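Letter by letter, the chains look like this.
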Amino acid sequence: MGRLSDLFAPETVAVVGATDREGAVGRAILENLRDEFAGEVIPINPNRDEVLGLECYRDVQAAPSIDLAVIVVPPTVVIDAIEDVAEAGTDDVVVITAGFSETGGEGAERERRLRELAAEYNLNVVGPNSLGVMSTANDMNATFGPEDAREGSISFMSQSGAFITAVLDWANEQGIGFRDVVSLGNKTVLDETDFVREWGDDPDTDVIIGYLEDVDDGQAFVRAAREVTDDTPIVLVKSGRTDAGAQAASSHTGAIAGSERAYEAGLEQAGVLRATSVQQLFDYARALSGLPEPETDGVAVVTNAGGPGVLTTDAVGDSSLRMADFDDETIDALAGAMPDEANVYNPIDAIGDADVERFGEALDIALEDPNVGSAVVVSAPTAVLEYDGLAEAVIEKREEHDKPVVTCLMGGARARAAEEVLREFGIPNYFDPSRAVAGLDALARHREISDRPIDEPAAFDVDRERARRILERARDRDDNRLGVESMELLEAYGIPTPDGEIVDDPDRAREVAASIEGDVVMKIVSPDITHKSDIGGVKVGVSEDDVYDAYEDLVARARNYQPDATILGVQVQEMLDLESSTETIVGMNRDPQFGPLLLFGLGGIFVEILEDTSVRVAPIGEGQAREMVDGIKAAPLLRGARGREPADVDGVVETIQRLSQLVTDFPSILELDVNPLVAGPDGVQAIDLRLTVDTDEL
């Protein structure tokens, strides 16, 4: 266990603000602890000698040694209470009291002071604005919730206390157990990353689940979760997926909503399985906490009902799994064991009069097949089938073959007893076949996550000082934006650019054009004109004789379009063969939670129209850069679809990595677009550049 192990295994718990007043939070927490906790419960209240039959102390200095302090005093005295606790030598604190950053300026100042105290005394603080914490290993319920958790191997964190109370009520009814439960509250000190690390080190936590409205430090979370998910699955519901949801989350606990695409990319890179509902969260968790991972993606379906069997097959088709192809030996064995009317191909339909013995034999034969990694047993209730006996048969075959099996024993009361027996042996039962398949899918996806190598970023030989000098030019701009006049920034990081120069008079334009072989491209250069082609600010295929006039025309067009625009000059650039090339975009936007969010996709004028892009959180290595290229719908264009000559995909992949290094090296870069990055058979070239710089970060 890690540094938070004492938080979940205290021998003494103090309730600072304990009371016997009906309806008070301090009373509810004290009652929950008094009734079940294996250790000593210490009420703290200067106005009581006894509370609910327990000796009460006027302050923590007068009390015995305290391992965990639960603070339930009014917000105006919380800071004093925490300081008293810290000076008494207690390291672990849970702040139940609300009235901090979620309430505005005064509360935010109170929260700032809490953070300072925690740093000064090296405190582990949960909250404030927390429901509390639970640990079933020592029967500790230090919350004001109405339900105790059942004992289990799932550790659960939530940014919403109300979500915990609702989930525990439902989970107790479903027979789902937990190890540790934490209401994160405002996450002033301890956040989701701390608990991911703690539970990743806990051998008794099989699965980590959570409800989050935001992630405080996306970079730290990705690093921590990626290490943990090698062994321990993490399943999260992340709210705020829509604009309206993000706004609601922001007002709920003062969370700053990051972009949804950043969360998608960050959680995927971290190896987190993201659920879209509470039901899906627990469908995944139940399978992950009790079953082995499948060795292959092939699924066998055994059923006594054709309709549900087809539904299960459809669900497999919608997942990352596939219906297993039985080998000839399996088909022959099934044909010998099943009635003539039965279907011996996958899905196996043992027909409506199937009893426990026939189900068990069909499952046994299917699991023996090397192409089968997992199985779903789907059964409708009949007069000849005892669910209790079927549950025992499933348990026996699952243990014998050591492959994951889930069940879908359809029906109501008659399935409940069998479901409880299955649960004791780690086999989840689902009413809906699609949910059963989702559980198996989660197992297979976690297997892939566990097998995925850590993709270490490359360290290219670059000129950081040259890049810094170029970025510092933004100090001289009113809006901190840089454009094609700063293409040297890309050159400093080894990203190829065409021959050319930005000039401020037509004679120099002609000289530059003369030094370039063939016709040239000319573009107006102005930080105030973003879409140059829309105003006729780009000329393609300009001969040396026409360069002078082209220069004058471009400047005139820009002046007519926007008289007050700052004109830096005209770019004279080598003309590339675009017929055999593909225009792509490589960019970055700095997300509030996850930092630099890299983007790759089809570029040029198509990026905003088609929106065919993939994203990752930087820094990334070669594997993830290649996944970005392969992840767009237009990837076949780069690889030579329809007889096209393939582009230099390796060059694109390297460019993405170099850009990843650039934006990681310089947090001052807020936004950056290379559009287009022209990818042809002979390499890649960055044609245009735009970026925004935070000069305070330079």
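What you are looking at is a predicted structure, and each value in this text was computed from that prediction instead of being measured.

A.B. asks: What am I meant to see in the packing of aromatic side chains here?
C.D. replies: Any aromatic ring pair is given by two values, namely how distant the centres are and how the planes are angled relative to each other. Overall, the coordinates contain 10 aromatic pairs when judged by the stated rule. On the basis of an interplanar angle of 20° and a centroid distance of 4.7 Å, the ring pair of phenylalanine 163 and tyrosine 211 is categorised as stacked. Within this pair, whereas phenylalanine 163 is found in helix α5 (residues 161-174), its partner tyrosine 211 is found in strand β12 (residues 207-212), the two being separated by 48 residues in sequence. Each member of the pair phenylalanine 163 and tyrosine 211 is classed as buried. Measuring from ring centre to ring centre gives 5.2 Å for tryptophan 170 and phenylalanine 282, while their planes differ by 55°; the resulting arrangement is tilted. Of this pair, tryptophan 170 sits in helix α5 while phenylalanine 282 is found in helix α10 (residues 278-290), placing the two residues 112 residues apart along the sequence. Note on tryptophan 170: relative accessible area 28%, which makes it partly exposed. In this structure phenylalanine 282 comes out as buried when scored by relative accessible area, which is 0%. Feature note: the residues Phe156, Phe163, Trp170, Phe178, Tyr211 and Phe282 constitute an aromatic cluster, connected by ring pairs.

A.B. asks: Teacher, can you tell me more about the layout of surface pockets here?
C.D. replies: In this approach the atoms are scanned with a rolling probe the size of a water molecule, which exposes any empty space left behind. Counted as a void, the second largest pocket has a volume near 520 Å³. The wall of the second largest pocket is formed by 20 residues, among which Val222, Arg226, Ile454, Asp455 and Gln624 lie closest to the centre. Listing elements by their share of the lining of the second largest pocket, those giving two or more residues are α7 (218-228), α9 (260-269) and α22 (622-630). Of all the elements, α7 adds the most residues to the lining of the second largest pocket, at 5 residues. Tallied by class, the residues present in the lining of the second largest pocket amount to 7 nonpolar, 4 polar and 9 charged.

A.B. asks: What exactly am I supposed to notice about the nonpolar core here?
C.D. replies: Taken as a class, soluble globular proteins show a tendency for nonpolar side chains to be buried jointly. Counting 81 residues, the largest nonpolar core has Phe178, Ile209 and Val235 as the members making the most contacts within it. In terms of residues, this core owes the most to one element, helix α16 (residues 433-451), which gives 8 residues.

A.B. asks: Explain α16 here, please?
C.D. replies: Since the α-helix advances by 3.6 residues per turn, residues separated by three or four positions end up pointing in the same direction. Compared with an ideal rise of 1.5 Å per residue, which puts 19 residues at 27 Å, α16 spans 28 Å between its outermost C-alpha atoms and is within 8% of the ideal. For α16, the side-chain oxygen to backbone nitrogen distance between the N-cap and serine 434 is 2.9 Å, and the N-cap itself is aspartate 432.

A.B. asks: Explain the sheet that holds strand β11 (residues 177-183) here, please?
C.D. replies: Within a sheet, each strand pairs with its neighbour through backbone hydrogen bonds, oriented either parallel or antiparallel. Taken together, the 7 strands give an open sheet; going across it, the order is β9-β8-β11-β10-β12-β13-β14, and neighbouring strands pair in mixed fashion. Two strands in the sheet have a free side with no partner beyond their single neighbour: β9 (140-143) and β14 (273-275). Between one strand axis and the next, the sheet turns through 25° on average, direction left out of account. Here strand β8 (residues 132-135) runs beside β9; their pairing, made up of 4 bridges, is antiparallel. Note on β9: the bridge partner recorded for serine 135 is methionine 140.

Cut-offs and rules
Residues numbered from 1 in each chain as written. Predicted model: local features only at pLDDT ≥ 70, side-chain atom pairs only at ≥ 80, totals over all residues. Heavy atoms only, no water. Phe/Tyr/Trp six-rings, centres within 6.5 Å; stacked < 30°, edge-to-face > 60°. Helix = DSSP H or I, 4+ residues; strand = E, 2+ residues; numbered from the N terminus. Buried < 20%, exposed > 50% of the residue type's maximum accessible area, 1.4 Å probe, protein only. 1 Å grid on protein atoms, 1.4 Å probe; cavity = no way out; pocket = protein on both sides within 12 Å on 5 of 7 lines; lining within 4 Å. Points joined across faces, edges and corners; volume = space filled by probe spheres on them. Nonpolar A, V, L, I, M, F, W, Y, C, P; charged D, E, K, R; others polar. Core = buried A, V, L, I, M, F, W, Y, C linked by side-chain atoms within 4.5 Å. Expected span 1.5 Å × (residues − 1). Polar contact = N/O pair within 3.5 Å; in protein donor to acceptor, adjacent residues only side chain to side chain. Pairing = 2+ DSSP bridges. Axes fitted to C-alpha atoms, helices over the stretch in contact; angles between N-to-C directions.

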